[in-house]
Amino acid sequence: MAVSDWKGDGEAMCPHRLVLEHVTSRWGVLVLIRLLERPHRFSELRRAIGRVSEKMLTQTLQTLERDGLVHRDARPVIPPRVDYSLTELGREAAAQVRALAEWTARRMDDVERARQAYDEARAAQARAS
């Protein structure tokens, strides 16, 4: 299915849009990029991402696991050990997300210039009214 096929169908495209939302969510992006480096335990993943609540990280991991992107490996040891890693599907999605993140970092100066030009134009418009 092409991206151009996603317009206008609403309900019919909902599952595709939902997965896209999961992958590109605030925490989904960061989880995928971190797990692309290597598997992480929950606590180290939380530290690596920063500023994410335990509840949000848990929900994000569960959502990505349900979508088949993340694998949860719970080992019956004392204390319990749970590792999170990417599935093959998850590695593919994470590579795409990382490419977008790298593009954003490379082009941030251009984005800032565009924002400044936009804000200046809007301010000039407001003064003229």
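Because the structure is a prediction, the values reported are computed rather than measured. Here the residue numbers are simple positions, counted from 1 along each chain's written sequence. Only residues with pLDDT of 70 or above have their local features reported here, since the model is predicted, and side-chain atom pairs are shown and tallied only from 80 upward, although totals for entire chains, interfaces and linings are computed over all residues. Here the side-chain values reflect all heavy atoms present in the structure, with hydrogen atoms and water set aside.

Draft legend 1. Expanded view of unusual backbone geometry. In the segment running from I78 into P79, the intervening peptide bond is cis, with an omega of -10 degrees. Helix and strand assignments come from DSSP, with helices taken as H or I runs of at least 4 residues and strands as E runs of at least 2, each series counted from the N terminus. Positionally, P79 belongs in the loop between β2 (70-75) and β3 (81-86).

Draft legend 2. Representation of the nonpolar core in the model. Nonpolar cores are built from buried Ala, Val, Leu, Ile, Met, Phe, Trp, Tyr and Cys residues. Side-chain atoms within 4.5 Å join them into one set. Only protein chains enter the accessibility calculation, which uses a 1.4 Å probe; a residue whose area is less than 20% of its type maximum is buried, one above 50% is exposed, and one in between is partly exposed. Residues V31, L57 and L61 are the most contacted members of the largest nonpolar core, which totals 21 residues. Considering every element that reaches this core, the biggest residue donor is helix α2 (residues 26-37), with five residues. Beyond its immediate stretch of four places on either side in the chain, L61 contacts V31, F42, L45, V70 and Y84. Contact between two residues is taken to exist if any of their heavy atoms lie within 4.5 Å; hydrogens are not considered.

Draft legend 3. Expanded view of the packing of helix α1 (residues 14-24) against α2. Whenever a helix is involved, its axis is fitted only over the stretch in contact; in every case the axis is a line through C-alpha atoms, and angles between N-to-C directions fall within 0 to 180 degrees. Viewed as axis vectors pointing N to C, α1 and α2 meet at an angle of 65 degrees, and their least axial separation amounts to 5 Å. Classified by the angle their axes make, α1 and α2 are roughly perpendicular. Within the contact between the two elements, α1 uses H22, V23 and T24 and α2 uses R26, G28, V29 and L32. Nonpolar residues are Ala, Val, Leu, Ile, Met, Phe, Trp, Tyr, Cys and Pro. Charged residues are Asp, Glu, Lys and Arg, and all others, Gly as well, are polar. Classifying every residue of the contact of α1 with α2 gives three nonpolar, three polar and one charged. Any angle from 65 to 115 degrees is called roughly perpendicular, while one under 35 is roughly parallel, one over 145 is roughly antiparallel, and all others are oblique.

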